[in-house]
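Notes for the structure review
The chain contents come next:
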Amino acid sequence: MEYKISKLIANKKKYIFHIIMAVFTLISLTIPVVGSFAMYQYEMTKRNFIDNRRVKNIEISTANVSGNRARNLNESDLTRVKQLLSDSKVTTHVFAEYFVNFGISAKNGQTYFIKAFSNDYFYQKMRLP
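Residues numbered from 1 in each chain as written. Predicted model: local features only at pLDDT ≥ 70, side-chain atom pairs only at ≥ 80, totals over all residues. Heavy atoms only, no water.

For the protein chain, the helix and strand inventory stands at three helices and six strands. Scanning the protein chain from its N terminus toward the C terminus, one meets helices and strands in the order α-β-β-α-β-β-β-β-α. When the 129 residues of the protein chain are sorted by exposure, 6% land in the buried category. In the protein chain, the proportion of contacts linking residues at least 24 apart, taken out of those at least 6 apart, comes to 5%. Accessible area for the protein chain stands at about 12400 Å²; split by element, carbon and sulfur atoms hold 61% of it. (Helix = DSSP H or I, 4+ residues; strand = E, 2+ residues; numbered from the N terminus. Buried < 20%, exposed > 50% of the residue type's maximum accessible area, 1.4 Å probe, protein only. Contact = heavy atoms within 4.5 Å. Areas by Shrake-Rupley, 256 points an atom, 1.4 Å probe, with all protein chains shown as cover.)

Structure below.
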C-alpha cells in the first residue's frame, strides 16, 4: 500500500513538473518578444519626434497678463509670435487654431465640435463677431 502511494506521488510530481516547465518556457518566450516590441516602438518614437530636428511643435494657448492671470490669445498675439519667430534663423510656420468651446447640434440629432485652422469659417459661415 505504501509503495502505491509513493509511486502515485512520484507520478504527480512529474506531471506538475511538466506543467511548470511548459509555463516557464512560454513565459521565457513571451517576455523577450514583448520587450523587443516595446523597444522598437520606443526607438521609432524617439527617431520620429525627439531626435528629428525638422519636426517640433510648440503650442501657445494662453498669454500671461500680470502675475498669475492668464487670458486667451488674440490676433495681436499671433502677429507678435510671427514677428518673434521671423527673427530666428530657423524656418518656422505659425498656424492659428480656432474652435467652438461648445457643441453645435445638427438637424439629425448629432452634436458636433468644430475645430479649424482658419478663422474664415467662424467669421463668415457662422457670423460670429
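So, next bit.
This brings us to a nonpolar patch on the surface. A cluster of nonpolar side chains, contributed by Tyr15, Ile16, Ile19, Ile20, Val23, Ile27 and Ile31, occupies part of the molecular surface with about 690 Å² of accessible area. Mapped onto the fold, Ile16 is located in helix H1 (residues 2–50). (Patch = residues over 30% accessible without salt bridge, like charges linked within 9 Å, V, L, I, M, F, W, Y side chains within 5 Å. Salt bridge = Lys/Arg side-chain N within 4 Å of Asp/Glu carboxyl O.)

Before going further, it helps to spend a moment on the pairing of strand E1 (residues 62–66). Sheet topology note: the E1/strand E2 (residues 69–72) ladder contains four bridges and is antiparallel. Residue Thr62 lies in a different strand from E2, and its bridge partner there is Asn72. Between the antiparallel neighbours E1 and E2 lie two residues, among them Gly67 with a positive phi of about 65 degrees. (Pairing = 2+ DSSP bridges.)

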